[in-house]
Protein chains: 2
Amino acid sequence: MAAVNAHLAAMYESYLFSEVDRRVQAYRAENPQKRLLRLGIGDVSRPLAPAVVDALVGAAEEMGQAQSFRGYGPTRGYPFLLQAIIEREYEPVGVKLSQEDVFVSDGAKTDMAALQELFAPDAVAAVCDPVYPVYTDANRMAGRKIVLLPCSQEDGFCPPLPRERVDFLYLCSPNNPTGAALTYAQAARFVDYALENGVALLFDAAYSAYISESGRPKSIFEIQGAKEVAVETGSFSKSAGFTGLRCAWTVVPRENRFGLNALWARRAAAKMNGVSYPVQRAAQAALETPGWEQSRENVRYYMENAKILLGAAEKAGFCTWGGKDAPYLWVKCPDGMSGWEWFDVLLQNKGMICTPGEGFGSCGKGFVRFSAFASREETQEAAARLSEG
Amino acid sequence: MAAVNAHLAAMYESYLFSEVDRRVQAYRAENPQKRLLRLGIGDVSRPLAPAVVDALVGAAEEMGQAQSFRGYGPTRGYPFLLQAIIEREYEPVGVKLSQEDVFVSDGAKTDMAALQELFAPDAVAAVCDPVYPVYTDANRMAGRKIVLLPCSQEDGFCPPLPRERVDFLYLCSPNNPTGAALTYAQAARFVDYALENGVALLFDAAYSAYISESGRPKSIFEIQGAKEVAVETGSFSKSAGFTGLRCAWTVVPRENRFGLNALWARRAAAKMNGVSYPVQRAAQAALETPGWEQSRENVRYYMENAKILLGAAEKAGFCTWGGKDAPYLWVKCPDGMSGWEWFDVLLQNKGMICTPGEGFGSCGKGFVRFSAFASREETQEAAARLSEG
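Everything numeric in this text was worked out from a predicted model, so none of it was measured.

Quick notes on the environment of R23(B)
All names here are of chain B.
Okay, step 1: Examined against the element boundaries, R23 turns out to sit in helix α2 (residues 16-30).
Okay, step 2: Counting along the chain gives 113 residues from R23 to T136, while the straight-line C-alpha distance between them is 26 Å.
Okay, step 3: When residues no more than four places from it in sequence are discounted, the contact partners of R23 are W340, F343, D344 and L347.

Dropping the structure here:
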C-alpha cells in the first residue's frame, strides 16, 4: 500500500466553524422568527471599491483581444504590482525595498502555510497561542516539532520569547484573534532575539491596515536589522476586500541571512505559475489613487464598527482587548465561562454569534472573538444587546 | 542558525528557459534585422473566448455591488463550477463523479506539485523521463527518492512499469514534451499494476483537450478500477487559454483506497482559501455553451498548427512523434546532434526557436520540442523553413 503522510492523516479536522454552524442551525430550527446577529465571521462584507472593479473589468477585456492578451505572467508577480506594493505599503513607513524582495501570491494563507517548506524537516517552529491556526496546521502536517508561546492577558497578549531553541517563529500583528498589535519596543525585542539567536521571523501583517494607535509598526522592516532575519506577508483581503478575489504578497529581503530569498524564489518557480492577471490589475488599483482612498473608506467603516462594539462591551463591564488596531474584539467570558459556554449563552439569550477562543489555541479558552466585519446596522443592534450585560 | 531545507538549497535552478533566452538574446544582438519564429513556448497565444470574457466582466461587476459581493468561497470551489466540470469533462466519457470528488485550484502545476504532500516523507515516487519537470522538482524539494521511468522512441515514449517498489507514480498523457497519449491498453496496464501493487497514480491530463486519435482515454477514470488508485488533474490553461487567469481541478474519488480524498480535502482546508470568484465564473463559462465551442475553436487552431509543423517535419525526413494528440511535436535531432546543438543550428540557420529535449530529463537528449501555440502565420513560415531540411 502506498505510504501516506501519517502526520496529515492523524490531524483532527478543524471543527471550529462547522461546530459553530451546527449550533447556529439548531438554534435557528427552534427559533425560526428570531433575527441572528453574525459577529463570528472573519470575512469582509463591503463590496470592492469602484476603481478596483474598473481595473478588473478592464483587464478582463484586455484578455479577450489578441493584441492585449496575456498568458503566463512572471511567477513572482508583474512588476507593476510589485512596484505599487513597494511605493504604497513600504515607502511611507521608511522601508526601502526592491522588486526582487517582493513576491505576489494568491493569499496570505497560502504563503503562511508554504513558508515552512524553506526549513529543514527537523527544524523547530515557534507559534503564539492563541493565533490563526494555519501556522500550526502547516507544521503539524510536515511532522515538525512546534513550541507554543502562551500569550496571557497580563501581558496584553504579547507573546513571550521562546525558552528553548527554535529555528523559526511566527508573529501575527495585529493579532487574529486578540487584536493585539506589537509596539515598536515589543517588535524590536523579537528582532533582537532573532538576530542574536539566528532565528527566522515569519511576520503576518495581514491586518496592518487596521493599526490606528501610534507607536506600532505596520511592517516588521521598520525595526532595525529586521531585513536580515524576517520575512513578512501582507494581504489585500482585509485592506481592500479581496477575500473572494485572492491576492497577497510576501517580502523576503535579499539581505536575509538564511538565504531565504533565493529559496523562496526557487520554490515559487518550481511549484506555482503566478497569480491571475486581472486580479493583479485589481490589486494595483487598490493601491493607487483613487482605489486606495475608496478601500480605506471600508477599513474606516469596519473600525467604526469595532469602536461601537468596544464601547458597548466596556459599558457592560466586560474585560476587552483589541478593537483599536484590528477588526476583532477579544473579550473575557464572564463568570468563569469557557468560550463555548458563553457562545451558547450569547446565542440563546441575545441571538448573537461570536467565535469561541478555544478555536485559536488552548490559551484562548475563556475568551470569545467578536468580528467588526458585519454591517453597521447589525453591529449597532449587537452593541445594544451586548451593553445590557 | 535556522536550519533551512537542504534539499531545496541543493537544487540547481532550472536553467532551461533562461538559457534559451540567453542564446536568443545573443543571436538577436548580432542579427537585429532577422525575424525570429518562436516555437519554444508552451504558452497559448489566442485571446480568451468572448463568453469567457463576458463571465469575467459580469462577476467583476457583481463584486462591486453590496447585494452580490462574495467574500471567501468554498475552499474546494463553488458548486456551479464543480458541477460544470463533472457534466462537461466526465459525463461524456462515461465517468460518473460527485461534487465531493472534485477540487478546484489555481493551476495544474500547483496541484501536481502539492499532491506529494499526501505521501510519507520516505515514500518513493516514480516519474517518467522525459516529462514536465514539476513532478521531479516537488519531490526532490521534499527529499524523496525518485525512480525514473525511461521512455524510449522504440516504445513510442510510453513509460515502462517500475522495476522496483514505488508508492506513487506520475503519468502525463498526452505527454509534455513528447506528445504521446496513452492508448486504452497502455493506460489499463498502469491501472492494473497500481491495483495489484497498491500504488497511487497521479494522472496529469492538462492536455486532454488535444486528443484527436481514437482509442485514447481523455480521463484515467475511463479505465476499470481507476477510481480506487488514481487521482487526475485537469486544467483550463491549454483548453481555454487560462494560462494568465489560473484555474484547474483535481479529481480525487471518494473510492480512493489510500484515503486520499479526505487527506486532500484536509490539506486544502488548512493551506488555501479557494480560487478567485470571477475566475471560477470564467471557467464555468468555458465549459458551458457557447464558451465551450468558442474555446474548442482555439484548440482546433493550435492543432492545425501542429499538423502543419508535422507535415513539414515529415517532408524534410525527420523522425517525429506527437503533434496528433498534443500541441507539441517531438523531433529527433539529425546527425546525432544533442538538443542544444540542434537548437543552435535552428536558431543560427533558420531563425527558429525550439526547446531542447534535455530540459525534460536525460532521456530527452537528442530531441527537441516544437510548440504549436504560435500564430498561424508564424507556424507556416516555420514549416516552410523546416521543410527545407
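Considering helix α12 (residues 339-350) of chain B
Residue and element names in this part refer to chain B.
Okay, step 1: Between the first and last C-alpha of α12 there are 16 Å, a value that for 12 residues agrees with the 16 Å anticipated at 1.5 Å per step.
Okay, step 2: All buried positions along α12 are accounted for by G339, W340, W342, F343, L346, L347 and K350. For α12, the buried positions fall inside an angular range of 165 degrees around the axis, keeping them on one side.
Okay, step 3: Looking at the buried positions of α12, the neighbouring elements they touch are α2, β10 (328-332), β11 (352-353), β12 (355-356), β13 (367-371) and α13 (376-387).
Okay, step 4: G351 sits one or two positions beyond α12 and adopts a positive phi of about 60 degrees.

A word on the side chain of N139(B)
All names here are of chain B.
Okay, step 1: Position of N139 relative to the elements: it lies in helix α6 (residues 134-141).
Okay, step 2: The buried category is assigned to N139, whose relative accessible area is 0%.
Okay, step 3: If sequence neighbours within four positions are ignored, N139 has contacts with Q116, A125, R144, I146, F168 and Y170.

What to know about the relation of the copies chain A and chain B
Okay, step 1: Screw-axis analysis of chain A against chain B gives a translation of 0.0 Å along the axis, an RMSD of 0.0 Å, and a rotation angle of 180 degrees. In the structure described here, the two chain copies are related by an operation that fits a two-fold rotation axis. Within chain A, V57(A) has its C-alpha nearest the rotation axis, a separation of 2.6 Å.
Okay, step 2: An overlap of 100% is found between the interface residues of chain A and their copies at the interface of chain B, pointing to a shared contact surface.

Some remarks on the nonpolar core
Okay, step 1: F236(A), F242(A), F236(B) and F242(B) are the most contacted members of the largest nonpolar core, which has 218 residues in total.
Okay, step 2: Leave out the neighbours within four places in its chain, and F236(A) touches L81(A), I85(A), G241(A), F242(A), C247(A), A248(A), W249(A), A283(A), A286(A) and L287(A).

Topic: the packing of aromatic side chains
Okay, step 1: Considering all chains together, one arrives at 48 aromatic pairs over all chains under this definition.
Okay, step 2: Seen from their ring centres, F168(A) and Y170(A) are 5.9 Å apart, and the 65 degrees between their planes marks the pair as edge-to-face. Considered together, F168(A) and Y170(A) belong to a single accessibility category, that of buried residues.
Okay, step 3: Centroid distance W342(B) to F370(B): 6.1 Å. Interplanar angle 90 degrees. Geometry classified as edge-to-face.

What to know about the interface of chain A and chain B
Okay, step 1: Taken together, the contact pairs 72 residues of chain A with 72 residues of chain B.
Okay, step 2: Roughly 5700 Å² is buried in total at the junction of chain A and chain B, and carbon and sulfur atoms are behind 62% of that figure.
Okay, step 3: Looking at the side of chain A facing chain B, the largest losses of area belong to Y72(A), R266(A) and K271(A), adding up to 12% of the total buried there.
Okay, step 4: Remark: the boundary between chain A and chain B carries zero salt bridges.
Okay, step 5: Counting across the chain A and chain B interface gives 30 residue pairs in polar contact (both at pLDDT 80 or more).
Okay, step 6: Residue assignment for the side of chain A that touches chain B shows that the elements contributing at least two residues are α1 (6-10), α3 (50-62), α5 (108-114), α6 (134-141), α9 (260-271) and α10 (277-287) of chain A.
Okay, step 7: In terms of residue count, the dominant contributor to the side of chain A that touches chain B is α9(A) (seven residues).

Digging into the pairing of strand β7 (residues 230-235) of chain B
Residues and elements named next belong to chain B.
Okay, step 1: The buried count for β7 comes to six of six residues, which makes it a mostly enclosed element.
Okay, step 2: Of the two faces of β7, the one lined by A230, E232 and G234 and the one lined by V231, T233 and S235 are each fully buried.
Okay, step 3: The pairing of strand β6 (residues 200-204) with β7 spans four bridges and is classified as parallel. Bridge assignment links D204 to a residue of β7, and that residue is T233.

Some thoughts on the sheet that holds strand β4 (residues 146-150) of chain A
All names here are of chain A.
Okay, step 1: Reading across from one edge, β2-β8-β7-β6-β5-β3-β4 is the order of the seven strands in this open sheet, with mixed pairing throughout. With partners counted over all chains shown, the strands left at the sheet margins are β2 (102-105) and β4, one partner each. Between one strand axis and the next, the sheet turns through 20 degrees on average, direction left out of account.
Okay, step 2: Sheet strands touched by α6: β3 (125-129), β4, β5 (168-172) and β6 (200-204). Its angle to β5, the strand with the most contacts, is close to 155 degrees.
Okay, step 3: Across the sheet, α9 touches β2, β6, β7 (230-235) and β8 (248-251), and the angle it forms with β2 is around 30 degrees.

With respect to the pattern of salt bridges
Pairing is possible between side chains of opposite charge, provided their charged atoms come close.
Residues and elements named next belong to chain A.
Okay, step 1: Counting across every chain of the model gives 36 salt bridges over all chains.
Okay, step 2: Across the pair R23 and E19 runs a salt bridge, and its minimum N-O distance is 2.7 Å. Of this pair, R23 and E19 are both found in helix α2 (residues 16-30), four residues apart, which corresponds to roughly one turn of the helix.
Okay, step 3: Through salt bridges with shared partners, one network takes in E19, R22, R23 and D344.

With respect to the pairing of strand β13 (residues 367-371) of chain A
Residue and element names in this part refer to chain A.
Okay, step 1: β13 sits mainly inside the fold: five of its five residues count as buried.
Okay, step 2: Pairing geometry for strand β10 (residues 328-332) and β13, over five bridges, is antiparallel. Directly across from K332, in β13, lies its bridge partner F367.
Okay, step 3: When strand β12 (residues 355-356) meets β13, the two strands line up antiparallel, connected through two bridges. Among the inter-strand pairings, T355 is bridged to a residue of β13, identified as R369.

Description of the packing of helix α3 (residues 50-62) of chain B against helix α10 (residues 277-287) of chain B
A packed helix pair is summarised by two numbers, namely the angle formed by the two axes and the spacing between the axes.
Residue and element names in this part refer to chain B.
Okay, step 1: Close contact between α3 and α10 brings their axes to 8 Å; oriented N to C, the two are set at 150 degrees. Here α3 is positioned roughly antiparallel relative to α10, judged by the angle of their axes. Crossing angle aside, the handedness with which α3 passes α10 is right-handed. Residues A51, V52, A55, L56, A59, A60 and E62 of α3 touch α10, and the partners they reach there are Y277, P278, V279, R281, A282, A285 and A286.
Okay, step 2: Residue composition of the contact of α3 with α10, by class: 12 nonpolar, no polar and two charged.

Observations regarding unusual backbone geometry
Okay, step 1: The peptide bond linking D129(A) to P130(A) adopts the cis configuration, its omega dihedral lying at 5 degrees.
Okay, step 2: Here P130(A) lies in the loop between β3 and α6.
Okay, step 3: In the segment running from N176(B) into P177(B), the intervening peptide bond is cis, with an omega of 25 degrees.
Okay, step 4: Position of P177(B) among the secondary structure elements: in the loop between β5 (168-172) and α7 (184-197).
Okay, step 5: Positive phi, close to 65 degrees, is recorded for F157(A), a residue that is not glycine.
Okay, step 6: Following the sequence through the fold, F157(A) ends up in the loop between β4 and β5.
Okay, step 7: Its identity is not glycine, yet D335(A) carries a phi of approximately 55 degrees, on the positive side.
Okay, step 8: Its place among the elements puts D335(A) in the loop between β10 and α12 (339-350).

Calculation notes
Residues numbered from 1 in each chain as written. Chains lettered and ligands numbered in written order. Predicted model: local features only at pLDDT ≥ 70, side-chain atom pairs only at ≥ 80, totals over all residues. Heavy atoms only, no water. Helix = DSSP H or I, 4+ residues; strand = E, 2+ residues; numbered from the N terminus. Contact = heavy atoms within 4.5 Å. Expected span 1.5 Å × (residues − 1). Buried < 20%, exposed > 50% of the residue type's maximum accessible area, 1.4 Å probe, protein only. Arc of directions from axis to C-beta. Least-squares fit on C-alpha atoms with pLDDT ≥ 70 in both. Core = buried A, V, L, I, M, F, W, Y, C linked by side-chain atoms within 4.5 Å. Phe/Tyr/Trp six-rings, centres within 6.5 Å; stacked < 30°, edge-to-face > 60°. Buried area = accessible area lost by both parts, 1.4 Å probe. Salt bridge = Lys/Arg side-chain N within 4 Å of Asp/Glu carboxyl O. Polar contact = N/O pair within 3.5 Å; in protein donor to acceptor, adjacent residues only side chain to side chain. Pairing = 2+ DSSP bridges. Axes fitted to C-alpha atoms, helices over the stretch in contact; angles between N-to-C directions. Parallel < 35°, antiparallel > 145°, perpendicular 65-115°, else oblique. Left-handed = near helix turned anticlockwise from the far one by under 90°. Nonpolar A, V, L, I, M, F, W, Y, C, P; charged D, E, K, R; others polar.

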